[in-house]
Amino acid sequence: MMWMWLAWAAAAPTVCDPGQAAQLLEDARIDERRAPVTHPELMPGLALASEASESRLQEVLSTLCSDSESVSVAPAESWEDAGFSAYSYRVTGSQTVGCALFQSTVTVSVGVQPDQPPTYALRSESPVTSTPIGECETTATWREESVIDGDADRVRLVLVVDRTRSGVQDSQVVIRTATVNGWTEDLLLSPAPERYVGGVSGPILTLAETGEGDVWVVAHANRVVRDESCLVVPGQMVWRWDGTVWTPTDGREAMALLGRRGLWRLAGSDGWLHMVVQDSEGNDDVLAYRATRLSERYPEPLRRYQSSDLPGLNPGFLVMAPAPFPTEEQARAARKSWRSMHRHYVKRAWTQPNPCEGYVTVEGPE
């Protein structure tokens, strides 16, 4: 039945007037918490009627509705579970100027929780697009979106590209997250990596399940391809959700995050560990005691790794070590600089998958 409701809503006229939207809800006995699904055409008016709507949303919607010849609403992302639902809608105002159609689009997020009124927020504003009609010298401009990873999930990586007939004008990768207050959008990379806009260079972006219910975004497998040569670009970036925004971490700290979760395949270099303490699995208390004593003298924080998560280590052990080093030389320098009678040694924990496989590889920095 859902498709029937959406088909009906698509044909219904958009309601921008807050009083009219509220009256239609009351007359038809529609629960406002279901209106985003059953009557999305009322959403602009309901957002303007809500006392909780932020001032910027009120301003943008009011201007779009008043300055447009016609206004339409199109559903975008949606997420539903037992605890909350999140929806987003593109509200587009159209106006003909001369021989071209100009369209302004804003995306509004709606958060729905049981026993609470919906919350409305401005998720993003898109550039004005133009469509020439007939013989017209106006340049055609438009925006394209495609999901890189996480289609239909609570967290989604999205490629956003602004184009003209001459090619790409701008590009970016954003991450959209469903929350109790609706959908949020955070910018990750601008411009987007070349490999997502027709090239073969740049990193891959991946949503990684951590095994603890969290999702991380990882930029990895970076490379620069020219003619028949390929340059491996070491490094990685990990973004984590703190409940409000996505926070990036790079360098050795990012390697430590990936190594401790068994996500070493997403690292941007080999992983070498200076293994300060080691004990058998199950001896957590003994390992923690030994690590506490040694960490007081070690120059940087020690982390715990499970050897079975890392292919270069013998399974069945717990290891305490600092963040991994990308080269053996760096790991051995750290071991040499730490003077201790306690036995400690260096071992390769993993080997980086080659992002230039299939090309002639050029080692070292560009």
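Scroll up to find the structure.
Let us look at the structure shown here. (Residues numbered from 1 in each chain as written. Predicted model: local features only at pLDDT ≥ 70, side-chain atom pairs only at ≥ 80, totals over all residues. Heavy atoms only, no water.)

1. Some words on the environment of G202
Tracing the backbone shows G202 in the loop between strand 9 (182-189) and strand 10 (204-209). Once the C-alpha coordinates of G202 and V224 are considered, the two residues, 22 residues apart in sequence, prove to be 6.3 Å apart. If we skip the residues at most four places from it in the chain, G202 touches P193, R195, A221, N222 and R223. (Helix = DSSP H or I, 4+ residues; strand = E, 2+ residues; numbered from the N terminus. Contact = heavy atoms within 4.5 Å.)

2. Observations regarding the environment of A21
By secondary structure assignment, the location of A21 is in helix 2 (residues 18-28). Its relative accessible area of 0% is what places A21 among the buried residues. Along the backbone, A21 and E41 are 20 residues apart, and their C-alpha atoms lie at a distance of 9.1 Å. (Buried < 20%, exposed > 50% of the residue type's maximum accessible area, 1.4 Å probe, protein only.)

3. Some remarks on helix 6 (residues 251-260)
Looking at helix 6, one finds that the buried residues are A254, M255, A256, L257, L258 and G259. Buried-residue contacts for helix 6 involve strand 11 (215-220), strand 14 (237-241), strand 15 (246-250), strand 16 (271-275), strand 18 (303-306) and strand 20 (345-350). Two residues or fewer past helix 6, G262 is found with a positive phi of approximately 70 degrees.

4. Some remarks on the packing of aromatic side chains
Evaluation of the coordinates by the stated rule reveals 2 aromatic pairs. Between W241 and W246, the ring centres sit 5.6 Å apart and the planes meet at 45 degrees, which makes this aromatic pair tilted. If you follow R252 out to its NZ or CZ, it ends over the ring of F325, 3.8 Å from the centre. (Phe/Tyr/Trp six-rings, centres within 6.5 Å; stacked < 30°, edge-to-face > 60°. Lys NZ or Arg CZ within 6 Å of the ring centre and 35° of its normal.)

5. Considerations on the pairing of strand 16
Of all 5 residues making up strand 16, 5 are buried, and the element is well covered by its neighbours. Of the two faces of strand 16, the one lined by G271, L273 and M275 and the one lined by W272 and H274 are each fully buried. Note: strand 16 against strand 20, 5 bridges, orientation antiparallel. Paired with W272 across the two strands is R348, which belongs to strand 20. (Pairing = 2+ DSSP bridges.)

6. Quick notes on the sheet that holds strand 13 (residues 229-232)
Taken together, the 3 strands give an open sheet; going across it, the order is 12-13-21, and neighbouring strands pair in mixed fashion. Only two strands of the sheet have a single partner each, and these edge strands are strand 12 (223-226) and strand 21 (360-362). Going from strand to strand, the sheet's axes swing by 30 degrees on average, the running direction of each strand aside. Both strand 12 and strand 13 contribute to a ladder of 4 bridges, which runs antiparallel. Bridge assignment links R226 to a residue of strand 13, and that residue is S229. (Axes fitted to C-alpha atoms, helices over the stretch in contact; angles between N-to-C directions.)

7. A word on the sheet that holds strand 18
Spatial strand order, 17-19-18: 3 strands in an open sheet with antiparallel pairing. Of all strands in the sheet, those bounded by a partner on one side alone are strand 17 (277-280) and strand 18. Strand-to-strand twist of the sheet, defined as the mean angle between neighbouring strand axes without regard to direction, takes the value 20 degrees. In terms of strand pairing, strand 17 meets strand 19 (residues 317-321) through 4 bridges, oriented antiparallel. Following the sheet pairing, Q278 is matched in strand 19 by V319. Where helix 7 (residues 284-295) meets the sheet, it contacts strand 17, strand 18 and strand 19, and its direction lies at approximately 170 degrees from that of strand 17.

8. Here we look at the state of the cysteines
Inspection of the entire model under this criterion finds 3 disulfides. Residue pairing for C99: its cysteine sulfur links by disulfide to C136, the two sulfurs lying 1.9 Å apart. An S-S torsion of about 65 degrees defines the bridge between C99 and C136 as right-handed. Residue C99 is located in the loop between strand 2 (85-97) and strand 3 (100-112), and its partner C136 is located in the loop between strand 5 (129-132) and strand 6 (141-149); the two are separated by 37 residues in the primary sequence. When its relative accessible area of 32% is taken as the criterion, C99 is described as partly exposed. Shown here is the disulfide that connects C230 with C356, its sulfur atoms set 1.8 Å apart. With the S-S dihedral at roughly -70 degrees, the linkage between C230 and C356 falls on the left-handed side. (Disulfide = S-S within 2.5 Å.)

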